[in-house]
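Chain residues, written in single-letter form:
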Amino acid sequence: MSDNLHVNLNCKEPKLDVPTTHSKPNKRWRLAFATIYCARVLHSLLNEKKNGSKLPVAAPSFVVLNVKPDAFSSIDQTTLTEIVKEKNVDLLLEFGGVESVADALETDIKNGISGAVDDVALRQEAFGSNTYKRPPAKSLFHFVVEAFKDLTILILLFCATLSLGFGIKEHGLKEGWYDGGSIFVAVILVVSVSAVSNFRQNRQFEKLSKVSNNIKVDVFRNGRRQQISIFEIVVGDVVGLKIGDQVPADGLFLDGHSLQVDESSMTGESDHVEVNSSHNPFLFSGTKVADGYAQMLVTSVGMNTTWGQMMSTISRDTNEQTPLQARLNKLTSSIGKVGMAVAFLVLVVSLVRYFTGNTEDENGNREFIGSNIKAVDMVNSMVTIIAAAFTILDVAIPKGLLLAVTLILTYSMKRMMADQAMVRKLSACETMSSATTICTGKTGTLTLNQMKVTKIWLGQEPIEVSSSISTNLLNLIQQGVALNTTGSVYKASSGSSKFEFSGSPTEKAILSWAVLELDMDMEILKQNCTILHVEAFNSEKKRSGVSIRSKADNTIHVHWKGAAEMILAMCSRYYDASGSMKDMDDGERMIFEQIIQGMAASSLRCIAFAHTQIPGEEHEIGVGLQNLKEHSLTLIGLVGIKDPCRPGVRKAVEDCQCAGVNVKMITGDNVFTARAMATECGILRPDQDMTSEAVVEGEVFRNYTLEERLEKVDKIHVMARSSPFDKLLMVQCLKQKGHVVAVTGDGSNDAPALKEAHIGLSMGIQGTEVAKESSDIIILDDNFTSVATVLRWGRCVYDSIQKLIQLQLTMNVAALVINVVAAVSAREVPFTVLKLLWVNLILDTLCALTLATGQPTKDLMEEPPVRRTQPLITNIMWRNILGQALYQIAVVLTLQFSGESIFDVNEKVKDTLILNTSVLCQVFNQVNARKLEKKNVFEGMHKNKLFWGIIGITIILEVVVVEFLKKFADTERLSWKQWGACIGMAALSWPIGWVVKCIPVSDKPFLNYLNW
């Protein structure tokens, strides 16, 4: 029997998977469990034997129990945290160094972890996931409470409570609850709309926050470099870092060169920290790579990092107030002061009239009869008078304006996201409407970012076939490409001919050319050489260099790669096509410059390769080990990289120019490449060149005096060979000249310019995390067409808000005048609290939605940019507001004083006619508000189905209020004839609007003494 039952730990069927991370007591339980399991299997087999069942012949005659040894048993999270967080070099050395930590985490420092699903899951179970606990999101109840804190709402609730109490006491519960109860319901509706709107906005911000935090990170898994979400990083991962990257987790330095890290987010210190394998191999989550590149071993993720613990206590502030909202607050406050003065005046007049016996009740009797009046009746009358005064105050203040503007901004953010633009700061939406200049990069924004080597020059001859390159020259090219790069090459399997290239677009183009056309084997070249020192590429020097030691002969070589004219200036010799080295005199240098200019004129990016060997006597003094030799180099060759212009870019540039927005291209390419691409994109006219001052080099612009820069900056369309400092200088000059500047950027060094500009636009694909955090809007597809779309949406937002202000103020002005006239003339106020709340509800939500859902139109791009000093309410808007308000005042006051006799109806029907006409006037005026200046307000209206849907909902709700909520809304049912009269009076606002728009207005602000 013992022969038949054998525990085989390596066989797989059937198997028992036991959890792998347990303490010693748990291990004893596991052993006991395994013993019991084996006993049960033995018992089962014996029973089968007794029952006469035969075991299958082909099946193994033993039971398999797969008990895995403890994973990562030689190291735990506590040790990892102690090593990195405390920067404990002694503990790291005691453990055996970084390699021993990698072995304990079962990580191949060259190929990374396997990346299999079960391996990743096991690591997440053992060490946690790279996520952090977020503060709980604000609930709907929170926003309901905030809405109830509004003073006007509290006063209305107080009045409603008194009205409800006195109404029930006077008329009984069955009839007396209507007035107070209806105000309660209306207030609850207003509060609900406000709370739900703010709640949805908060949720929208939460979604945007998740998207913006979902950073893509380069990792090595199973020997392949790939991009994964930062949330999928696990302990043991090997992560690739480059300039501008955010360190995604805590970890240890594995390999790399010249790595400088900005730890200011953690320590507050602005000085960059050098990270290397010897003295400081510690990297912390949330810090930024300032220079160099490296590979790191992840040791802690999520809540086990200081960054994770810090971020779990931070919630994104969704109460950001844009400049426009601040101006609206000021406008509302100013109107509120006027409303308060009028309401106080009406209150005083009403109280005087009441106490002097000049007011009558519903039966025509005097309300105040001196000492004979009941206290209850007097208090009830006082509540009515106070409620009427607060009603006037309520209607005077357009309190729903901010809510409606929030609706417009939130909706626009959502639609912009669909148009490949993620808004990080709300203020950027409206600021784009005022943009006068857009400074854009070239690569990836105006071009497709699909680079390919199309021209090769060795010496002074173009090379068409790679087989014609001499052996020694081919070796130097392969060496310079393979060892002087931050990119990588991955081949799926030995039998496959398909390669995967990673790195920047330029690096990928060069690597692809070297591997596919020159048969370069990157791994063999790396194995044959030792890298001594690296100078990483940066946008200032526009070159990268490396010094290497050949293992075959122990010689030291320096390779440089970069912008062709920069590398050419460092060379004194060159290799010809046959591989022979020749001296470079001035004549030959000029020939090379002409070759470079010729390629650049064809919109090619010119890259040069240069090399030198360090003599043996210089080895001993360390030349090439720390500072790379930058002179007396030998030019290996030139390559031209083609990056085609994006389709649609020329049209987008033309649209911006028609809208009065200047487009300037700021690029690191040489002046000839930049000019050719700018002409192709429509930024430059073919007749504009260096002599017209439309094209300038960064260094030239930098050397201008301040006065010269301010004089020339408007004429400049292209800045070539620019550094990030030149871009910043350009932005500062444009701002000094009064321009509103939008800037695109993707590198870490672009951060100052992005912050300095009025609108910073970072690139979602090629942009570094530093650039994204410094920007206001992220262009998700890196396309200039999307930049033009953002401009269009910015104007649409501002236009929608102006339309809403015009619509709301028309109603507010009309209702305020009507109520004041009615109250002072001792008549009953036509707009009661309930009716005003209903009209406000229509304006605050439904009208806002009709205007918020408007799409950017071609007309918006035919207007000049909105001046930042331009008043929020323009003369054109004042003309439209006063025209429509005067008409509504005339209609309502006519109905108020003569409606009963005109229509031969009682007072309740007259009041219903007033309410119905007022609401329908707002509905018809929504159509007028679609165009602030154009007389044809119906143009394109049929395309906006949502507009018609909301108009339909408004009319249906009004029908319900008038026809079915008789007691609750204090209305009476109207006949078809009366409905027709209401619609006819409201429809007259269309021809009146047309006539009003014929009245000319001056450019001088109507209320320039108020900073609205």
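## Comments concerning the overall build of the chain
And then number 1: A count of helical and extended segments in the chain gives 35 helices and 26 strands.
And then number 2: The burial tally for the chain puts 52% of its 1012 residues in the buried class.
And then number 3: The long-range fraction of contacts in the chain, counting pairs at least 24 apart against all pairs at least 6 apart in sequence, stands at 73%.
And then number 4: Here the chain displays about 46,400 Å² of accessible surface, and carbon together with sulfur accounts for 56% of that area.

## Observations regarding the pattern of salt bridges
And then number 1: Under the definition given, this model contains 34 salt bridges.
And then number 2: Residue K803 pairs with D799 through a salt bridge whose shortest N-O separation is 2.9 Å. Of this pair, K803 and D799 both sit in helix α28 (residues 784–824), 4 residues apart, roughly one helical turn.
And then number 3: Accessibility expressed as a relative area gives 18% for D799, which makes it buried.

## Description of the pairing of strand β3 (residues 238–241)
And then number 1: Neither face of β3 is open: one carries V238 and G240, the other V239 and L241, and all of them are buried.
And then number 2: Relative to β3, strand β1 (residues 216–221) runs antiparallel, the two sharing 3 bridges. Residue pairing in the sheet places D218 in a bridge with G240 of β3.
And then number 3: Where β3 lies against strand β7 (residues 288–300), 4 bridges are found, and the strand directions are antiparallel.

## A look at the sheet that holds strand β23 (residues 718–720)
And then number 1: Read from one edge to the other, the open sheet built from 8 strands follows the order β8-β26-β25-β24-β9-β21-β23-β22, with strand pairing classed as mixed. What marks the edges here is a single partner per strand, and that holds for β8 (421–423) and β22 (695–697). Within this sheet the neighbouring strands show an average axis-to-axis angle of 20°, counted without direction.
And then number 2: One ladder, built from 3 bridges, connects strand β9 (residues 437–440) with strand β24 (residues 741–745); its direction is parallel. If you follow I438 over to β24, its bridge partner there is A742.
And then number 3: Here α28 sits on the sheet in contact with β8, β9, β21 (662–666), β24, β25 (759–763) and β26 (777–779), set at roughly 145° to β26.

## Overview of α28
And then number 1: For α28, with 41 residues, the first-to-last C-alpha span of 60 Å sits near the 60 Å given by 1.5 Å per residue.
And then number 2: Burial analysis of α28 places 35 of its 41 residues in the buried class, the great majority of the element.

## Topic: the packing of aromatic side chains
And then number 1: Tallied over the entire structure, the rule returns 7 aromatic pairs.
And then number 2: Arranged with centres 6.3 Å apart and planes meeting at 25°, the rings of F499 and F501 form a pair that is stacked.
And then number 3: The structure contains a cluster of three or more aromatic residues connected by ring pairs, namely F924, F938 and W990.
And then number 4: Sitting over the ring of W994, K935 keeps its end group 5.4 Å from the ring centre.
And then number 5: Between R973 and the ring centre of F964, over which it is positioned, the NZ or CZ distance is 5.9 Å.

## Section: a nonpolar patch on the surface
And then number 1: Residues I956, V960, F964 and L965 make up a contiguous nonpolar surface patch of about 360 Å² in total accessible area.
And then number 2: One can find F964 in helix α32 (residues 945–964).

## Details of the nonpolar core
Side chains that are nonpolar tend, in soluble globular proteins, to be buried together.
And then number 1: The biggest cluster of nonpolar side chains holds 77 residues, and the ones touching the most others in it are I683, I759, I777, F784 and I805.
And then number 2: The leading source of residues in this core is α28, at 14 residues.
And then number 3: Each residue touching F784, except ones within four places of it in the same chain, is listed here: I438, T440, T445, L446, V649, A652, V653, C656 and V663.
And then number 4: Counting 41 residues, the second-largest nonpolar core is a separate cluster that includes F220, V238, F282 and V289.

## Regarding the environment of N213
And then number 1: With respect to the element layout, N213 can be found in helix α8 (residues 178–213).
And then number 2: Sequence separation between N213 and I230 is 17 residues, and the spatial gap between their C-alpha atoms is 8.4 Å.
And then number 3: Excluding residues that lie within four positions of it along the chain, N213 makes contacts with Y132, R134, I230 and F231.

## Focus on the pairing of β24
And then number 1: Here β24 lies mainly inside the structure; 5 of its 5 residues are buried.
And then number 2: Strand direction decides the pairing type here: β24 and β25, joined by 4 bridges, are parallel. Bridging across to β25, G745 finds its partner in S762.
And then number 3: The parallel pair β24 and β25, bridged by helix α26 (residues 751–756), forms a crossover whose chirality is right-handed.

## As for helix α31 (residues 907–928)
And then number 1: Compared with an ideal rise of 1.5 Å per residue, which puts 22 residues at 32 Å, α31 spans 31 Å between its outermost C-alpha atoms and is within 8% of the ideal.
And then number 2: The buried fraction of α31 amounts to 20 of the 22 residues, a majority that puts the element mostly inside the structure.

## Describing the packing of α31 against helix α34 (residues 976–987)
In a packed pair of helices, the relevant descriptors are the angle between the two axes and the axis-to-axis distance.
And then number 1: The geometry of α31 relative to α34 is characterised by a closest axis approach of 8 Å and an angle of 40° between their N-to-C directions. Put simply, α31 runs oblique to α34. As for the relative orientation of α31 and α34, their crossing is right-handed in sense. Counted together, V909, L913, N916, T917, L920, C921 and F924 of α31 and Q978, W979, C982, I983, M985, A986 and A987 of α34 form the full contact between these two elements.
And then number 2: A per-class count over the contact of α31 with α34 returns 11 nonpolar, 3 polar and no charged.

## Things to note about the confidence of the model for the chain
And then number 1: Across the chain, pLDDT averages 82, with 84% of residues at or above 70.
And then number 2: Overall, residues 1–29 carries pLDDT values under 50, and its contacts beyond four positions in sequence, including any with other chains, amount to 48 contacts.
And then number 3: In the predicted structure, residues 48–69 sits below a pLDDT of 50 and forms 41 contacts with residues beyond four places in sequence or in another chain.

Conventions adopted
Residues numbered from 1 in each chain as written. Predicted model: local features only at pLDDT ≥ 70, side-chain atom pairs only at ≥ 80, totals over all residues. Heavy atoms only, no water. Helix = DSSP H or I, 4+ residues; strand = E, 2+ residues; numbered from the N terminus. Buried < 20%, exposed > 50% of the residue type's maximum accessible area, 1.4 Å probe, protein only. Contact = heavy atoms within 4.5 Å. Areas by Shrake-Rupley, 256 points an atom, 1.4 Å probe, with all protein chains shown as cover. Salt bridge = Lys/Arg side-chain N within 4 Å of Asp/Glu carboxyl O. Pairing = 2+ DSSP bridges. Axes fitted to C-alpha atoms, helices over the stretch in contact; angles between N-to-C directions. Expected span 1.5 Å × (residues − 1). Phe/Tyr/Trp six-rings, centres within 6.5 Å; stacked < 30°, edge-to-face > 60°. Lys NZ or Arg CZ within 6 Å of the ring centre and 35° of its normal. Patch = residues over 30% accessible without salt bridge, like charges linked within 9 Å, V, L, I, M, F, W, Y side chains within 5 Å. Core = buried A, V, L, I, M, F, W, Y, C linked by side-chain atoms within 4.5 Å. Right-handed = clockwise from strand over helix to strand, strands pointing away. Parallel < 35°, antiparallel > 145°, perpendicular 65-115°, else oblique. Left-handed = near helix turned anticlockwise from the far one by under 90°. Nonpolar A, V, L, I, M, F, W, Y, C, P; charged D, E, K, R; others polar. pLDDT = per-residue confidence, 0-100.

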